[in-house]
Amino acid sequence: MLAELYRNSLYAPDPTHVVARYWVVPQILVGGSILDSEDWVHLRDVFGITGVICVESEHSDSGKGIEKLCELPTLDDGQPKPKELFVDAIVFAREVLGAGGRLYVHCQMGGSRSPAFAYAILRAVLGMSQGAARTWIAMAKPGYGEHPVHQTYLASADSAVESYHS
């Protein structure tokens, strides 16, 4: 479900370029870059976000005042991703969600990397099946999983989840 549209000036200076932030489930918001400390305060105060997983390699969230931050820089290159990145996200998400918190999982635009990480969290932390997690991601981000890059990232997430549970 769409939470908001905003101008991601870290991606494009064009003021007409907007990025979506969307709820995958009530505890997990997915989207693009956190612009600055004011944007972080907005996410915290308006959406109740208590922890952030940043998987973008283009910018860091360090110095924005985020108390619970997990930075896992991940290139958006269409290549398989290391299991360790997903496992680190799963461990962090388990801590935040287990304490009753809400997560913001983001890459630069919220279109390829962050949905795959949210998918891994749905499976490993919330206990969803592969099919259910894919359905929740696709409902939140229509068309996600159809592109070959998405399929590669989801396969990496599945591999990580399987190794995490074994």
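All values derive from a computational prediction rather than experimental measurement. (Residues numbered from 1 in each chain as written. Predicted model: local features only at pLDDT ≥ 70, side-chain atom pairs only at ≥ 80, totals over all residues. Heavy atoms only, no water.)

Q: Got a minute to help me understand the packing of aromatic side chains in this structure?
A: We describe a pair of aromatic rings using the distance from one ring centre to the other and the angle between the two ring planes. Going through the model one piece at a time under the given rule, you end up with two aromatic pairs. Ring geometry for Trp23 against Phe47: centres 6.0 Å apart, planes inclined by 70 degrees, an arrangement best described as edge-to-face. Pair noted here: Trp23 is in strand S2 (residues 18-25) and Phe47 is in helix H1 (residues 37-47), with a separation of 24 residues, a long-range link. Ring geometry for Phe86 against Phe117: centres 4.1 Å apart, planes inclined by 15 degrees, an arrangement best described as stacked. (Phe/Tyr/Trp six-rings, centres within 6.5 Å; stacked < 30°, edge-to-face > 60°. Helix = DSSP H or I, 4+ residues; strand = E, 2+ residues; numbered from the N terminus.)

Q: I keep staring at the state of the cysteines and nothing clicks. Help me out?
A: Here is the idea: a disulfide is a covalent bond, and it sits between the sulfur atoms of two cysteines. Counted by the stated rule, this structure contains zero disulfides. You can see Cys54 has no disulfide; the closest cysteine sulfur is in Cys107, sitting 8.8 Å from it. A relative accessible area of 1% means that Cys54 is categorised as buried. (Disulfide = S-S within 2.5 Å. Buried < 20%, exposed > 50% of the residue type's maximum accessible area, 1.4 Å probe, protein only.)

Q: Explain the side chain of His150 here, please?
A: On the secondary structure map, His150 appears in helix H5 (residues 148-165). When residues no more than four places from it in sequence are discounted, the contact partners of His150 are Gly111, Ser112, Gly143, Tyr144 and Gly145. (Contact = heavy atoms within 4.5 Å.)

Q: How should the pattern of salt bridges be read in this particular structure?
A: Should their charged atoms come close, side chains of opposite charge can pair. Counted under the stated rule, the structure contains nine salt bridges. The partner of Asp77 in a salt bridge is Lys81, and the shortest N-O contact between them spans 2.5 Å. In this structure, Arg123 and Glu162 form a salt bridge, with 3.0 Å as the shortest nitrogen-oxygen distance. In this pair, Arg123 is assigned in helix H3 (residues 113-124) and Glu162 in helix H5, connecting sequence segments 39 residues apart. A cluster of three or more residues bridged by salt bridges with shared partners is formed by Arg123, Arg134, Asp158 and Glu162. (Salt bridge = Lys/Arg side-chain N within 4 Å of Asp/Glu carboxyl O.)

Q: I keep staring at the sheet that holds strand S4 (residues 51-56) and nothing clicks. Help me out?
A: Neighbouring strands of a sheet are bound in pairs by backbone hydrogen bonds; such pairs are parallel or else antiparallel. A sheet is described by the order of its strands in space; here six strands give the open sequence S1-S2-S3-S6-S4-S5, paired in mixed fashion. Edge strands, defined here as strands with exactly one partner in the open sheet, are strand S1 (2-7) and strand S5 (69-74). The sheet shows a mean angle of 15 degrees between the axes of neighbouring strands, taken without regard to direction. The pairing of strand S3 (residues 28-31) with strand S6 (residues 103-106) spans four bridges and is classified as parallel. Across the sheet, Val30 pairs through a bridge with Val105, a residue of S6. The strands touched by H3 within the sheet are S2, S3, S4, S5 and S6, with S3 carrying the most contacts at an inclination of about 160 degrees. (Pairing = 2+ DSSP bridges. Axes fitted to C-alpha atoms, helices over the stretch in contact; angles between N-to-C directions.)

Q: Hey, could you run me through the packing of helix H2 (residues 83-98) against H3 in this one?
A: Two numbers describe a pair of packed helices, the interaxial angle and the distance between the axes. At their nearest, the axes of H2 and H3 sit 9 Å apart, and the two run at 60 degrees to each other. Between H2 and H3, the angle falls in the class oblique. Every pair of crossing elements has a handedness; the one defined by H2 and H3 is right-handed. Mapping the contact onto sequence places Leu85, Phe86, Ala89, Ile90, Ala93, Arg94 and Leu97 in H2 and Ala116, Phe117, Ala120, Ile121 and Ala124 in H3. The class makeup of the residues in the contact of H2 with H3 is 11 nonpolar, no polar and one charged. (Parallel < 35°, antiparallel > 145°, perpendicular 65-115°, else oblique. Left-handed = near helix turned anticlockwise from the far one by under 90°. Nonpolar A, V, L, I, M, F, W, Y, C, P; charged D, E, K, R; others polar.)

Spatial relationships are all this shows, so hold off on functional conclusions.
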